[in-house]
Amino acid sequence: MNRIDRLFGILVLLQSKKYVSADHIADRFEISVRTVYRDIKALAEQGIPLSFEANKGYFIVQGYFLPPVSFNTDEASALLMMERFIEGFADKSIRQHYHTALDKVKNVLKSSQKDTLEKLNENIRLQLPKRLQSDAEYLSVLQNAIAEKAVISIKYKNYKEEISERQLEPIGLIFYAFSWHLIGYCHLRGAYRDFKVNNILHLQCLSSPFTIATHISINEYMKQLPVDY
């Protein structure tokens, strides 16, 4: 990647997050932290209003916007490839949002790029077992509840076919053992529990906030998983 492309990439990355550390930029673009400092300085010299907050990272001052992002054919093709995986590894709600987002990407492509993608789309397929296919529409709601730290109510069927109703404080989603799992603090059990999303029979996001100020991180919970895939 040449420096011009890297500078633009750093600018896009900064606009995609509230704060971005120098270490994260270095890892993302496979450069040294010293090079990151030089690149940030170069962006600032071009009039980009950048600032820095200790222990958090760099950020773009509110109110600055890039013109509409353009995509090259390889980037658009990568998004098209991911659409196939979304079909097999996400539920109906996420698929719908992804299709809408991809349509917006296609809308800014050149006519020649659109033709290339259409031809490519006809020749890419993903064959998956039926057990990975899901018509549920819970993942999008769960994402919002996790982000907003909102309590949810679920009706759940366990592996013994027993049905129970729970109120949870959802802390994250993990895909392992070929299924999406919701991790949350269960008010009924007074402990963190793992719920297979496909076994949720009903889901409602409540207006009440979390009662626990600080939960275990999802990375810490992953260390307790019974499998490593």
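Our structure's up above, just so we're on the same page.
## Notes on the overall build of the protein
- Tallying secondary structure elements over the protein gives 8 helices and 7 strands in all.
- Counting only C-alpha atoms and orienting by the principal axes, one finds that the protein spans roughly 60 × 50 × 35 Å.
- Partitioning the intrachain contacts of the protein with sequence separation of at least 6 by distance along the chain shows that 58% fall at a separation of at least 24.
- For the protein, the accessible surface area stands at approximately 14,900 Å², while carbon and sulfur atoms represent 51% of it.
- Taking the average place of the 29 positive charges on the side chains of the protein and the average place of its 26 negative ones, the gap between the two points comes to 2 Å.

## Structural notes on the nonpolar core
- Counting 25 residues, the largest nonpolar core has I152, I154 and L182 as the members making the most contacts within it.
- Among the elements of the structure, α4 (73-89), α5 (92-107), α7 (139-148), β3 (150-157), β5 (179-186) and β7 (200-209) are those that each provide at least two residues to this core.
- No other element matches the 4 residues that α5 contributes to this core.
- Apart from residues lying up to four places away in sequence, I152 is in contact with L142, A145, R166, Q167, L168, P170, L182, L203, Q204, C205 and L206.
- Counting 18 residues, the second-largest nonpolar core is a separate cluster that includes L7, L14, I25 and Y58.

## Describing the pattern of salt bridges
- Scanning the model with the defined rule gives 7 salt bridges in all.
- Linking D39 and R3 is a salt bridge whose minimum nitrogen-to-oxygen distance equals 3.1 Å. Taken together, the residues D39 in helix α3 (residues 33-45) and R3 in helix α1 (residues 3-16) connect sequence positions 36 residues apart.
- Here D39 falls in the buried class, since its relative accessible area comes to 1%.
- R3 gets classed as partly exposed once you look at its relative accessible area, which sits at 40%.
- One salt-bridge network, in which partners are shared between bridges, spans R3, R6 and D39.

## Concerning the pairing of β5
- Taking burial as the measure, the 8 residues of β5 include 7 buried ones, the bulk of the element.
- Of the pairings in the sheet, the one linking strand β4 (residues 163-176) to β5 comprises 8 bridges and is antiparallel in character. Residue pairing in the sheet places L168 in a bridge with C186 of β5.
- Hairpin remark: β4 followed by β5, antiparallel, with 2 residues in the connecting loop; positive phi at A177, about 50°.
- Taken together, the 6 bridges between β5 and strand β6 (residues 191-196) define a ladder with antiparallel strand orientation. Paired with H181 across the two strands is K196, which belongs to β6.

## As for the sheet that holds β7
- Strand order in this open sheet of 5 strands is β6-β5-β4-β3-β7, and the pairing throughout is antiparallel. The open sheet has two free edges, formed respectively by β6 and β7, since each of these has just one partner strand. Here the strands of the sheet are splayed against their neighbours by 45° on average, with no regard to which way each runs.
- Sheet contacts for α7: β3, β4, β5 and β7; angle to β4, the most-contacted strand, approximately 90°.

## What about the layout of surface pockets?
- Approximately 290 Å³ is the volume attributed to the second largest pocket.
- Around the second largest pocket, the lining is made up of 15 residues, and of these Y156, N158, Y159, R166 and D194 lie nearest the centre.
- Among the elements of the structure, β4 and β6 are those that each provide at least two residues to the lining of the second largest pocket.
- In terms of residue class, the lining of the second largest pocket is made up of 5 nonpolar, 4 polar and 6 charged.

## Here's the deal with the side chain of H181
- Secondary-structure assignment places H181 in strand β5.
- Within the structure, H181 has its side chain in polar contact with the side chain of D194 (distance 2.8 Å).
- Not counting residues within four places of it along the chain, the set of residues in contact with H181 comprises G172, L173, I174, Y176, D194, F195, K196 and V197.

## A closer look at the packing of α4 against α5
- Across the interface, α4 lies against α5 with an axial gap of 10 Å and an inter-helix angle of 170°. Here α5 runs roughly antiparallel to α4, going by the angle between their axes. Residues L79, L80, M82, E83, I86 and E87 of α4 form the contact with α5, whose own contacting residues are R95, Y98, H99, L102 and V105.
- Split by residue class, the contact of α4 with α5 holds 7 nonpolar, 1 polar and 3 charged.

The rules behind the values
- Residues numbered from 1 in each chain as written.
- Predicted model: local features only at pLDDT ≥ 70, side-chain atom pairs only at ≥ 80, totals over all residues.
- Heavy atoms only, no water.
- Helix = DSSP H or I, 4+ residues; strand = E, 2+ residues; numbered from the N terminus.
- Contact = heavy atoms within 4.5 Å.
- Areas by Shrake-Rupley, 256 points an atom, 1.4 Å probe, with all protein chains shown as cover.
- Lys, Arg positive; Asp, Glu negative; His and termini not counted.
- Charge placed at Lys NZ, Arg CZ, Asp CG, Glu CD.
- Core = buried A, V, L, I, M, F, W, Y, C linked by side-chain atoms within 4.5 Å.
- Buried < 20%, exposed > 50% of the residue type's maximum accessible area, 1.4 Å probe, protein only.
- Salt bridge = Lys/Arg side-chain N within 4 Å of Asp/Glu carboxyl O.
- Pairing = 2+ DSSP bridges.
- Axes fitted to C-alpha atoms, helices over the stretch in contact; angles between N-to-C directions.
- 1 Å grid on protein atoms, 1.4 Å probe; cavity = no way out; pocket = protein on both sides within 12 Å on 5 of 7 lines; lining within 4 Å.
- Points joined across faces, edges and corners; volume = space filled by probe spheres on them.
- Nonpolar A, V, L, I, M, F, W, Y, C, P; charged D, E, K, R; others polar.
- Polar contact = N/O pair within 3.5 Å; in protein donor to acceptor, adjacent residues only side chain to side chain.
- Parallel < 35°, antiparallel > 145°, perpendicular 65-115°, else oblique.

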